[in-house]
Amino acid sequence: MGFKPKAITEEVNVSKVNPLIDFAYLLGVIISLTLVIYFILGLAVDWVVPQLSPQQDIRIGELLAPAVAPQLGGELIQDDTRQAYLSELLEGLHHPGDFADIPLTLNLVDTELVNAAALAGGQLFVTTAFLEQVESENELAFVLSHELGHLSARDGLKSLGRGIFVLLGSMVLNLGHQGTGPDVIGYALNLNSLNYSRAQEYRADEYGLESVVHHYGHGDNSLDFFRRLAQRKEAFPDGLIRASEYFQTHPLTEKRIEHLQAIAAEQGWPMTGEITPVPSGLACANFDCDENPSDS
């Protein structure tokens, strides 16, 4: 009696599940694993950064600092008397005990972008366009103090570490990188990628307001710069003004302003007082805005 194979009546190698469902499941697994890995790497970075010595922190800042000015589309300014004024203001703003082993370095960048940024190793960057926007020393002091808060918590190093881990991970997975590979330092130093967590921003805000209150005896006018930028952002939602660049890394929303006001009330910090004007000519090199001096 010969063998008679059973006729195949259906496609046995074809899944009964819709391919889109399979794809969605696979994508969900990949995204979940990526988030878990990123979370674990974030914890690792948050543990490693505090272990760095002040000397290592300073060295990292010195190595990375030259790349910041190009990222801001400008050049570092040398021998401008405004640097001395800003450095002196910084020294009066940081909390007692902070930066005892890490000196603060104020870098002034000539660019049309309105920005201020803290990197690592006490390196802080302020743009000339930002100085043109401030209307009082109180609001200038808050922005500087906010950046001091990030430096004090080493937020910049933590963010850079996460960025480098993500990039190296994508290189290992070969996600679109070819040739000699990407510029790791350049990628990590893209200031638009220095996104701090909500908790980090709130802590830097509180650090900044506390510094301003201790320095001036009140917090009045300190948030005016951000309020003006928020109004401009609302008026030009498509980013038609360069001032909106600051919001890419420092989105001080009304909710955060309300949070600061609540903290001030809770701590009993005065929020009314006299405004302190900025020095005359702050928007000009060496405080000299007289471009056409009269002949003597």
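See the structure printed just above.
So, how was this worked out
- Residues numbered from 1 in each chain as written.
- Predicted model: local features only at pLDDT ≥ 70, side-chain atom pairs only at ≥ 80, totals over all residues.
- Heavy atoms only, no water.
- Buried < 20%, exposed > 50% of the residue type's maximum accessible area, 1.4 Å probe, protein only.
- Helix = DSSP H or I, 4+ residues; strand = E, 2+ residues; numbered from the N terminus.
- Pairing = 2+ DSSP bridges.
- Phe/Tyr/Trp six-rings, centres within 6.5 Å; stacked < 30°, edge-to-face > 60°.
- Axes fitted to C-alpha atoms, helices over the stretch in contact; angles between N-to-C directions.
- Parallel < 35°, antiparallel > 145°, perpendicular 65-115°, else oblique.
- Left-handed = near helix turned anticlockwise from the far one by under 90°.
- Contact = heavy atoms within 4.5 Å.
- Nonpolar A, V, L, I, M, F, W, Y, C, P; charged D, E, K, R; others polar.
- Polar contact = N/O pair within 3.5 Å; in protein donor to acceptor, adjacent residues only side chain to side chain.
- Core = buried A, V, L, I, M, F, W, Y, C linked by side-chain atoms within 4.5 Å.

S.K.: Which parts of the structure should I look at to understand the pairing of strand β4 (residues 123-127)?
M.R.: Where a strand is regular, its side chains alternate between the two sheet faces. Summarising burial for β4: five of the five residues are buried, a large majority. Here β4 shows no split at all, with Q123, F125 and T127 on one side and L124 and V126 on the other all buried. Bridge analysis of strand β2 (residues 105-110) against β4 gives five bridges, and the strand direction is parallel. Its bridge partner lying in β4, T105 is registered against Q123. If you look at the hairpin formed by strand β3 (residues 116-118) and β4, you'll find four residues sitting between the two strands, and G121 has a positive phi there, around 60°.

S.K.: Before we go on, may I ask you to explain the packing of aromatic side chains in this structure?
M.R.: Each pair of aromatic rings is reported with the distance of its centres and the angle of its planes. Under the criterion given, the structure shown has four aromatic pairs. Aromatic side chains F142 and F226 sit 5.6 Å apart centroid to centroid with 90° between the ring planes, which places their arrangement in the edge-to-face category. Here the residue F142 occupies a position in helix α6 (residues 137-152), and F226 occupies one in helix α10 (residues 224-235), the gap between them amounting to 84 residues. Taken as a pair, F142 and F226 share a single burial class, namely buried. An aromatic cluster is present here, built from F130, F142, F225 and F226 joined pairwise through their rings.

S.K.: Got a minute to help me understand the packing of helix α4 (residues 81-91) against α6 in this structure?
M.R.: Geometrically, a packed helix pair is captured by the angle between its two axes and the distance between the axes. Relative to each other, α4 and α6 sit at 65°, their axes nearing to 10 Å. When the axes of α4 and α6 are compared, the pair comes out roughly perpendicular. When you trace α4 past α6, the crossing you get is right-handed. Between α4, through Y85, L86, L89 and L90, and α6, the contact on the second element is made entirely by E137, L140, A141, L144 and L148. Class assignment of the residues belonging to the contact of α4 with α6 gives a composition of eight nonpolar, no polar and one charged.

S.K.: Is there a simple way to explain the sheet that holds strand β1 (residues 75-76) in this structure?
M.R.: Across the sheet, four strands lie side by side as β1-β2-β4-β3; this open sheet has mixed pairing. In this open sheet, the two strands that pair with only one neighbour each are β1 and β3. In terms of strand pairing, β1 meets β2 through two bridges, oriented antiparallel. Considered in β2, the bridge of E75 is made with D110.

S.K.: Got a minute to help me understand the environment of Q56 in this structure?
M.R.: Along the chain, Q56 turns up in helix α2 (residues 54-64). Since its relative accessible area comes to 39%, Q56 is described here as partly exposed. Sequence separation of Q56 and G121 is 65 residues, and the distance between their C-alpha atoms is 8.0 Å.

S.K.: Just checking my understanding: could you explain the side chain of Q123 for this structure?
M.R.: As for its placement among the helices and strands, Q123 is situated in strand β4. Only 2.9 Å separates the side chain of Q123 from the side chain of N107, close enough to count as a polar contact. The residues contacting Q123, other than those within four sequence positions of it, are G61, E62, A65, T105, N107, A117, A118 and L151.

S.K.: What should I look at first to understand the environment of H150 in this one?
M.R.: Residue placement: H150 occurs in helix α6. It is 9.2 Å that separates the C-alpha atoms of H150 and D205, two residues lying 55 residues apart in sequence.

S.K.: I keep staring at the nonpolar core and nothing clicks. Help me out?
M.R.: Note on soluble globular proteins: their nonpolar side chains tend to be buried together. Core analysis: the biggest nonpolar cluster contains 41 residues, and F130, L140, L144 and L148 have the highest contact counts within it. Not counting residues up to four positions away in its chain, the partners in contact with F130 are L113, V114, N115, L140, V143 and F225. If you look at the next biggest cluster of nonpolar residues, it comprises eleven residues, including V68, V109, L157 and L160.

Read these as layout, nothing more, since geometry by itself doesn't imply function.
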